[in-house]
Amino acid sequence: MIPPGSPTVSRTSRDVVILGAGLIGLATALELANRGASVTVIERDRMLAAASTAAAGMLAADDPCNHDSLRGLSRLSIQRYPEFLHRIEHLSGLPIPFQTETTLQYMAGGPALRLQEHSIDPRQLASSLSAAIRATAIQVVEKTRVSAIEAKLSGNELRLEDGSCFSTGAILFATGAWTAETSNALVGKPLSVSPCKGQMLRVRISPPRSFQEVHRSERIYIVPRTHGPQAGTAVIGATVEEAGFDTTVCGRDLDGLRALAAALLPWLGSAEEAPMVESWAGLRPATPDLLPMLGAGLHRGHFIATGHYRNGILLAPATAIVMADLIEGKSPGVNLSDFSPLRFHSEP
Ligand code: GLY
């Protein structure tokens, strides 16, 4: 509740306020701005600092491990990816090349499938996207939390920690792994999204061992970087852990990832042949059924786009389109019934 008469630093009216400047939030901001909306994005940390830059960047629409329900949304995203990247590149002047064009998918007890599937470097995407956002009228407020949301006759009013206020027609929660705590703090209900930790490492690949395609099994993926600052290395991932918001990296787990990678490309088992360049851990936003939450929230003018789990990079363009449609009151061209944000919610 916003206390009446509390001091106000500034009072601004925006068509849409987006909570969360990860890839999902910023892709939707760009789509809405392109359709003429005035958009502000509020971020508790820095833009693109969490799952968006921890990911490997596979556009794995045809991964046989994917849930069937993701098919329509994945197809739309793959169709729209070139245009999505082109828009960002055009605004920023910074290229986001495809790193790979095929994936060898190893099947238990059978031959590997060769999939026509691209990957990108999420850090290149992040550099280009942040520059693109700065080239638009989208306002991004970093290192700031929303302290209250209040329903008004005309829409919603948000108050930030510094006392400034936004009145807005629509609020989009694109809060990734932080959705439960944010929705609990602001609307009194924790939406069922929890962090799922993934540890990864990047190794140097010397030229005689260079390869151009992703190697992937159900348990491990190896993604070569072929263009840009990370060219000549490969990302190996990832653990799947319930560890709360812990992002520490453990040498034993990295050794385990290397051993799984070596089952596909044996020389990756050797730290001399493939020395580690860096390691990190990211937090995937996971719902109980591991499907995204896309749709209207509990209150008028509230929308939710989160829970993309292992497919946030893949699903960003489609998510931006369907969420912009919903916020504009249009019916999206993809059936979202399996992704209702309220599917885990029962009235008290
Ligand atoms: N996006 C791949 C992973 O979650 O490990």
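Just above sits the structure.
Structure report, in brief. (Residues numbered from 1 in each chain as written. Predicted model: local features only at pLDDT ≥ 70, side-chain atom pairs only at ≥ 80, totals over all residues. Heavy atoms only, no water.)

**Some words on the overall build of the chain**
On a plain count of helices and strands, the chain comes out with seven helices and 15 strands. Computed over C-alpha atoms, the radius of gyration of the chain comes to 20 Å, within 12% of the 20 Å expected from 2.2 N^0.38 for 348 residues, which places it in the range of a compact globule. Scored against the burial criterion, the 348 residues of the chain give a buried share of 54%. A fraction of 70% describes how many contacts in the chain between residues 6 or more apart in sequence connect residues 24 or more apart. Surface exposure of the chain reaches about 15000 Å², of which carbon and sulfur atoms provide 52%. (Helix = DSSP H or I, 4+ residues; strand = E, 2+ residues; numbered from the N terminus. Rg over C-alpha atoms; globule rule 2.2 N^0.38 Å. Buried < 20%, exposed > 50% of the residue type's maximum accessible area, 1.4 Å probe, protein only. Contact = heavy atoms within 4.5 Å. Areas by Shrake-Rupley, 256 points an atom, 1.4 Å probe, with all protein chains shown as cover.)

**Thoughts on the environment of Lys-197**
Mapped onto the elements, Lys-197 comes out in strand β9 (residues 194-204). A sequence separation of 85 residues divides Lys-197 from Gly-282, and the C-alpha atoms of the two residues are 5.7 Å apart. The residues contacting Lys-197, other than those within four sequence positions of it, are Thr-239, Val-240, Glu-241, Ala-243, Asp-246, Thr-247, Thr-248, Ala-281, Gly-282, Leu-283 and Arg-284. Among the polar contacts listed, one links the side chain of Lys-197 to the backbone oxygen of Thr-248, at a separation of 2.7 Å. (Polar contact = N/O pair within 3.5 Å; in protein donor to acceptor, adjacent residues only side chain to side chain.)

**Brief notes about the side chain of Asn-66**
By the secondary structure assignment, Asn-66 is in the loop between α2 (51-54) and α3 (71-92). Engagement of the side chain of Asn-66 in a polar contact is seen with the backbone oxygen of Ala-60, the distance being 2.8 Å. When near neighbours in sequence (up to four residues on either side) are disregarded, Asn-66 contacts Ala-60, Ala-61 and Asn-311.

**Some words on the pairing of strand β12 (residues 233-237)**
In terms of burial, β12 is largely enclosed, as five of its five residues are buried. Neither face of β12 is open: one carries Thr-233, Val-235 and Gly-237, the other Ala-234 and Ile-236, and all of them are buried. Taken together, the five bridges between β9 and β12 define a ladder with antiparallel strand orientation. Residue pairing for β12: Met-200 is matched across the bridge by Gly-237. Pairing analysis gives five bridges linking strand β11 (residues 221-225) to β12, with the strands arranged antiparallel. (Pairing = 2+ DSSP bridges.)

**Section: α3**
The first and last C-alpha atoms of α3 sit 31 Å apart over 22 residues, in line with the 32 Å expected at 1.5 Å per residue. For α3, the principal kink sits at Arg-80 and spans about 50 degrees; a proline, Pro-82, occurs within the next four residues. Those residues of α3 lying buried are Leu-73, Ser-74, Leu-76, Ser-77, Tyr-81, Phe-84, Leu-85, Ile-88 and Ser-92. Where α3 is buried, its residues contact α1 (23-34), α4 (122-134), β14 (293-296) and α7 (312-327). Gly-93 lies just past α3 and shows a positive phi near 75 degrees. (Expected span 1.5 Å × (residues − 1). Bend = angle between axes of the 7 residues up to and from the residue.)

**Topic: the nonpolar core**
Core analysis: the biggest nonpolar cluster contains 51 residues, and Ile-18, Leu-73 and Phe-84 have the highest contact counts within it. At the level of elements, β1 (11-19), α1, β2 (39-42), α3, α4, β8 (165-173), β15 (302-306) and α7 are the ones that each hand at least two residues to this core. In this view, Phe-84 contacts Leu-23, Ala-27, Leu-125, Ala-316 and Pro-317; residues no more than four positions away in its chain are not counted. (Core = buried A, V, L, I, M, F, W, Y, C linked by side-chain atoms within 4.5 Å.)

**Quick word on the packing of aromatic side chains**
Scanning the model with the defined rule gives three aromatic pairs in all. Each ring, one from Tyr-81 and one from Phe-84, has its centre 5.4 Å from the other, and the planes form 80 degrees; the classification is edge-to-face. In this pair, Tyr-81 and Phe-84 are both assigned in helix α3, three residues apart and thus about one turn of the helix distant. Here the two residues Tyr-81 and Phe-84 agree in accessibility, since each one is buried. (Phe/Tyr/Trp six-rings, centres within 6.5 Å; stacked < 30°, edge-to-face > 60°.)

**Remarks on the packing of α3 against α7**
Where α3 meets α7, the axes come as close as 7 Å, and the angle between the chain directions of the two elements is 90 degrees. It follows from the interaxial angle that α3 and α7 lie roughly perpendicular. On α7, the residues touching Leu-73, Ser-74, Leu-76, Ser-77, Ile-78, Arg-80, Tyr-81 and Phe-84 of α3 are Ile-313, Leu-314, Leu-315, Ala-316, Pro-317, Ala-318, Ile-321 and Val-322. In terms of residue class, the contact of α3 with α7 is built from 13 nonpolar, two polar and one charged. (Axes fitted to C-alpha atoms, helices over the stretch in contact; angles between N-to-C directions. Parallel < 35°, antiparallel > 145°, perpendicular 65-115°, else oblique. Nonpolar A, V, L, I, M, F, W, Y, C, P; charged D, E, K, R; others polar.)

**Digging into helix α6 (residues 251-262)**
With 12 residues, α6 extends 16 Å from end C-alpha to end C-alpha; this agrees with the ideal 16 Å at 1.5 Å per step. For α6, the set of buried residues is Leu-254, Leu-257, Arg-258, Ala-261 and Ala-262. Looking straight down α6, one finds that the buried residues subtend no more than 140 degrees of arc, so they occupy a single side. Turned more than 90 degrees off the buried face of α6, the exposed positions are Arg-252 and Asp-255. Buried positions along α6 lie against β9, β11, β12 and β13 (276-286). (Arc of directions from axis to C-beta.)

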